[in-house]
Amino acid sequence: QVLLVDSGGGLVQAGGSLRLSCAASDRSFSSKAMGWFRQAPGKERDFVAAITSGGSTYYAESVKGRFTISRDNAKNTAYLQMNSLKPEDTAVYYCGRRATGSYYARGSYDYWGQGTQVTVSS
């Protein structure tokens, strides 16, 4: 059983920063790609960023240049550094472990964290 625990969300003003963490209880963490998705009220869960086991990264166009995904395999933890936050970034953020398939597709991920709320005020 794999457990992912998301943390680091909160309320921040526009232009501010937050760093999300995803702690994994997964012996195979270092060999798995990890991703972050977000879901705003009434909307689908959308791709934000992913990082491969080798450290290659992928981003949604809406967050390129503002968000940075990283990982620390020694700590079994993935991170999402979010800078220059905008009100439209408000959502529940989920980390996921990619099983197979496209990094951008929700269906490619087999385990999810519980989510952490990010609220950006204008």
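Refer to the preceding data block for the structure.
Residues numbered from 1 in each chain as written. Predicted model: local features only at pLDDT ≥ 70, side-chain atom pairs only at ≥ 80, totals over all residues. Heavy atoms only, no water.

> Pulling in residues and values, what's your account of unusual backbone geometry?
Comment: phi is negative for the bulk of residues other than glycine, and the bulk of peptide bonds are trans. Phi at Asn76 takes a positive value of approximately 50 degrees, unusual for a residue other than glycine. Tracing the sequence through the fold places Asn76 in the loop between strand E7 (67-72) and strand E8 (77-82). Positive phi, close to 50 degrees, is recorded for Ser84, a residue that is not glycine. As for its placement among the helices and strands, Ser84 is situated in the loop between E8 and strand E9 (91-98). (Helix = DSSP H or I, 4+ residues; strand = E, 2+ residues; numbered from the N terminus.)

> Just give me the short version of the pattern of salt bridges, but keep the residues and values in it.
Taken as a whole and assessed by the stated rule, the structure comprises 5 salt bridges. For Asp89, the salt bridge goes to Arg38, with nearest N and O atoms at 2.9 Å. You can see Asp89 sitting in the loop between E8 and E9 and its partner Arg38 sitting in strand E4 (residues 34-39), a full 51 residues away along the chain. Two residues, Asp110 and Arg97, come together in a salt bridge whose shortest N-O distance is 2.8 Å. Linking Asp110 in strand E10 (residues 109-112) with Arg97 in strand E9, this pair joins segments that are 13 residues apart in sequence. The network of salt bridges with shared partners includes Asp26, Arg97 and Asp110. (Salt bridge = Lys/Arg side-chain N within 4 Å of Asp/Glu carboxyl O.)

> Describe the sheet that holds E7, with residues and values.
The strand order across the open sheet built from 4 strands is E1-E3-E8-E7, with neighbouring strands paired in antiparallel fashion. If you trace the sheet from one side to the other, it starts and ends with strand E1 (3-7) and E7, each paired once. Averaged over all adjacent pairs, the angle separating strand axes in this sheet is 15 degrees, with direction ignored. By the bridge criterion, 6 bridges tie E7 to E8 in an arrangement that is antiparallel. Within E8, the position partnered with Ile69 by the bridge is Leu80. (Pairing = 2+ DSSP bridges. Axes fitted to C-alpha atoms, helices over the stretch in contact; angles between N-to-C directions.)

Treat this as a map of the structure, not an account of what it does.
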